[in-house]
Amino acid sequence: MGQAPKREHNLHIFGGFTMADDIDAEHGLCILTHSRTIQGSWTSIRPRGRDGCQWWMLAAHDAREEFTGDLYTAATDLAEVSPAPLPQLIAATDPANVQRWQLRDRKPLKQWSQGRVTLAGDAAHPTSPYAAYGADMAAEDGYFIGRTGMVPSS
Ligand SMILES: Cc1cc2nc3c(=O)[nH]c(=O)nc-3n(C[C@H](O)[C@H](O)[C@H](O)COP(=O)(O)OP(=O)(O)OC[C@H]3O[C@@H](n4cnc5c(N)ncnc54)[C@H](O)[C@@H]3O)c2cc1C
């Protein structure tokens, strides 16, 4: 990506997952909820044929400040006012399965392709790592590159 500066969004996310099967969370859904300052989301997952749920809590955080809190506690506190089953999903999550990341991105490159070579995905347009931006756009890039017919068949 060259030297394009990182753009901090001053947001951070706590995310985790649980395979608990005693929580009333309908499978096949992705639910996003908001208060004025916090976004809480969850969606069903099915790794290796087992049903579970993953969740995220998003809130403001000054990127210049180091976060020193406990991830699980912070997520639990953020979900306090979230509707069910979000607090229950977090409560059922193993604290070892909670992670935190900051949101930042870079401006997309103006030129992605030269001759028969093209960049795709994050290499061309690194978006904020959240809410189905980056992975979806990388998959779209692949789709459209495939549609050009320029990909060798074998
Ligand atoms: C914590 C986190 C959460 C995210 N959440 C979401 C989300 O909820 N929704 C969403 O859509 N996106 C999300 N993203 C963003 C998403 O993961 C990326 O946008 C997506 O993976 C980009 O795909 P890519 O193929 O361009 O790059 P990558 O997935 O990074 O793939 C690049 C590959 O190239 C390999 N590589 C690098 N250098 C070399 C080399 N010199 N030689 C050979 N191989 C090399 C790497 O090992 C890697 O496997 C998240 C990202 C992070 C980090």
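Presented here is a report on the structure given in the accompanying data block. (Residues numbered from 1 in each chain as written. Predicted model: local features only at pLDDT ≥ 70, side-chain atom pairs only at ≥ 80, totals over all residues. Heavy atoms only, no water.)

### Side note on the environment of Gln99
Then comes step 1: Of note, Gln99 is situated in strand E5 (residues 98-105).
Then comes step 2: The class of Gln99 is partly exposed, set by a relative accessible area of 48%.
Then comes step 3: With 27 residues separating them along the chain, Gln99 and Tyr72 place their C-alpha atoms 8.4 Å apart.
Then comes step 4: The residues contacting Gln99, other than those within four sequence positions of it, are Ile13, Phe14, Gly15 and Leu71. (Helix = DSSP H or I, 4+ residues; strand = E, 2+ residues; numbered from the N terminus. Buried < 20%, exposed > 50% of the residue type's maximum accessible area, 1.4 Å probe, protein only. Contact = heavy atoms within 4.5 Å.)

### A short note on the site of the ligand
Then comes step 1: Around the ligand, 13 residues are found, and the nearest of them are Asp122, Ala132, Tyr133, Gly134 and Ala135.
Then comes step 2: Here an oxygen atom of the ligand sits 2.8 Å away from a polar atom, N or O, in the main chain of Asp122.
Then comes step 3: Within the backbone of Gly134, one N or O atom sits 3.4 Å away from an oxygen atom of the ligand.
Then comes step 4: For the ligand, whose unbound accessible area comes to 1000 Å², protein coverage reaches 36%.
Then comes step 5: When residues of the shell around the ligand are assigned to their parent elements, the largest contribution, four residues, is made by helix H3 (residues 134-147).
Then comes step 6: Partitioning the shell around the ligand into residue classes produces nine nonpolar, two polar and two charged. (Near = heavy atom within 4 Å. Polar contact = N/O pair within 3.5 Å; in protein donor to acceptor, adjacent residues only side chain to side chain. Areas by Shrake-Rupley, 256 points an atom, 1.4 Å probe, with all protein chains shown as cover. Nonpolar A, V, L, I, M, F, W, Y, C, P; charged D, E, K, R; others polar.)

Don't take any of this as a statement about function, it's just geometry.
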